[in-house]
Amino acid sequence: MSEMEEGRVLPQSVQQSAAAYAVIREQFRGAVSDFDANETMPFFEVLETEKWPEIALFMRDHPKLKFNYMACLSGVDYPAEEQLGIVCNLESIGEFPHRIAVKVKCPREGGSIPTAAYVWHTANWHEREAYDMFGMQFTNHPDHRRILCPEDWEGFPLRKDYRVQESYHGIKVPY
Amino acid sequence: MGLLDAGISKHNVVITSVDNVLNWARLSSLWPMGFGLACCAIEMMATNASNYDLERFGIFPRSSPRQSDLMIVAGTVTMKMAERVVRLYEQMPEPRYVLSMGSCSNCGGPYWEHGYHVLKGVDRVIPVDVYVPGCPPRPESLIGGLMKVQELIRMEQIGLSRADALRKLAEKSIDPQPVIDAERQAARA
């Protein structure tokens, strides 16, 4: 919100996202971070990871928010902070023009994030892909398996420190 | 030289070896297995379709490995698919041929360094007879590759191993440049 105080006029789309964020902030206070009003994709972060399903459900069902559509869920690796995270792009189709991204983080080794698959069914396969590529666990996920790599694949390919395995079922993997 | 080039129209009798007749029959009805893995498959389908019309060579995709003579590996072979490719290859009756189509199945293509999920060349899991370069190869290239398979079949004999047939083929190979030059000269004239 600091940009607004400095007198910079935010584009209308960011203002809409900021208004939606204000509703979430009022409900969850310290569980969510400050609003980042970047024009590409305004976002906030969930600081108390275990509250994520509650926040997700609130965002979907609150009459002023109605984030009824999860456009994307991506995984991110933050090696410097020893963390893994997800970024959820949420929209409200047919209800409101606002959109917002939510970031949720967990520790890099043995970390877990509660699932949002019961809130948006889209999250089911997207969370499986994030797990497949980065290795964070999604607690209470209805079908927690790898989705693209083979079941017995070693390691998580999109981590920054990933090294490919030498052989898979007797087939040489590197060039 | 193919059987039909021998001028059989003048007399109704032709004398040839069993090998020749068998080879002629086999190379004139190469049935590839109908499966494609990536963008090369689109080019393969275009080659099958009416513009390039593979059926004029008797090449016509089959839906079962048990009815196929030829496997065209058209596209990126992932590690997950590699085991399936081996299984399909093993289900094909002998004599069987493998044509590797495009850079991905030749050597991993653009995925050679960072593609953790891609098999770096289908020849790591099954023996390949003909490699067609390209990304993807044009239909003309694929037809060229299929002609190479036909050349290989033409060299085969009962009791002769694939390696020996390839050796015979290598001995018979000629430098194409003089042929191309002669053709160009004739076209100009």
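K.L.:
Now, about the pairing of strand E2 (residues 97-101) of chain B: what can you tell me, with residues and values included?
P.N.:
Residue and element names in this part refer to chain B. In terms of residue burial, E2 counts as a mostly covered element, since five of its five residues are buried. Residue alternation in E2 divides its side chains into two sets, Tyr97, Leu99 and Met101 and Val98 and Ser100, and both sets are buried. Here strand E1 (residues 70-74) pairs with E2 via five bridges, running parallel. Note that in E2 the partner of methionine 71 across the bridge is valine 98. You can see the chain leave E1, run along helix H3 (residues 79-91) and come back into E2, and the turn it takes is right-handed. Judged from the three bridges that link them, E2 and strand E3 (residues 130-132) form a sheet pairing that is parallel. Note that in E3 the partner of methionine 101 across the bridge is valine 132.

K.L.:
Help me get a handle on the side chain of A:Thr49, residues and values and all.
P.N.:
Residue and element names in this part refer to chain A. With respect to the element layout, threonine 49 can be found in the loop between strand E1 (43-46) and helix H3 (52-61). Under the relative-accessibility criterion, threonine 49 is labelled buried at 17%. A distance of 3.0 Å separates the side chain of threonine 49 from the backbone oxygen of lysine 105, its partner in a polar contact. Sequence-distant contacts of threonine 49, that is, excluding residues within four places in its chain, are made with Val104, Lys105, Ser112, Ile113 and Pro114.

K.L.:
Give a description of the state of the cysteines that names residues and reports values.
P.N.:
All names here are of chain B. Evaluated as defined, the whole model comprises zero disulfides over all chains. Left unpaired, cysteine 39 is separated from the closest cysteine sulfur, that of cysteine 40, by 5.6 Å. With no disulfide of its own, cysteine 107 has cysteine 104 as its nearest cysteine by sulfur position, at a separation of 8.0 Å. Cysteine 107 gets classed as partly exposed once you look at its relative accessible area, which sits at 31%.

K.L.:
Quick one: what's the story with the interface of chain B and chain A, residue by residue and with numbers?
P.N.:
Listed as interface residues are 12 residues of chain B and, on the opposing side, 16 residues of chain A. Buried area between chain B and chain A, both sides added, is near 1,200 Å², and the carbon and sulfur share of it is 67%. Contact with chain A buries area across many residues of chain B, yet B:Met79, B:Tyr116 and B:Arg124 alone supply 52% of it, more than any other trio. For the pair chain B and chain A, the number of links is zero salt bridges. At the junction of chain B and chain A, the tally comes to five residue pairs in polar contact (both at pLDDT 80 or more). A total of four residues in the side of chain B that touches chain A trace back to one element, the largest contributor, which is H3(B). Considering only residue class, the side of chain B that touches chain A consists of eight nonpolar, no polar and four charged.

What counts, and at which threshold
Residues numbered from 1 in each chain as written. Chains lettered and ligands numbered in written order. Predicted model: local features only at pLDDT ≥ 70, side-chain atom pairs only at ≥ 80, totals over all residues. Heavy atoms only, no water. Buried < 20%, exposed > 50% of the residue type's maximum accessible area, 1.4 Å probe, protein only. Helix = DSSP H or I, 4+ residues; strand = E, 2+ residues; numbered from the N terminus. Pairing = 2+ DSSP bridges. Right-handed = clockwise from strand over helix to strand, strands pointing away. Polar contact = N/O pair within 3.5 Å; in protein donor to acceptor, adjacent residues only side chain to side chain. Contact = heavy atoms within 4.5 Å. Disulfide = S-S within 2.5 Å. Buried area = accessible area lost by both parts, 1.4 Å probe. Salt bridge = Lys/Arg side-chain N within 4 Å of Asp/Glu carboxyl O. Nonpolar A, V, L, I, M, F, W, Y, C, P; charged D, E, K, R; others polar.

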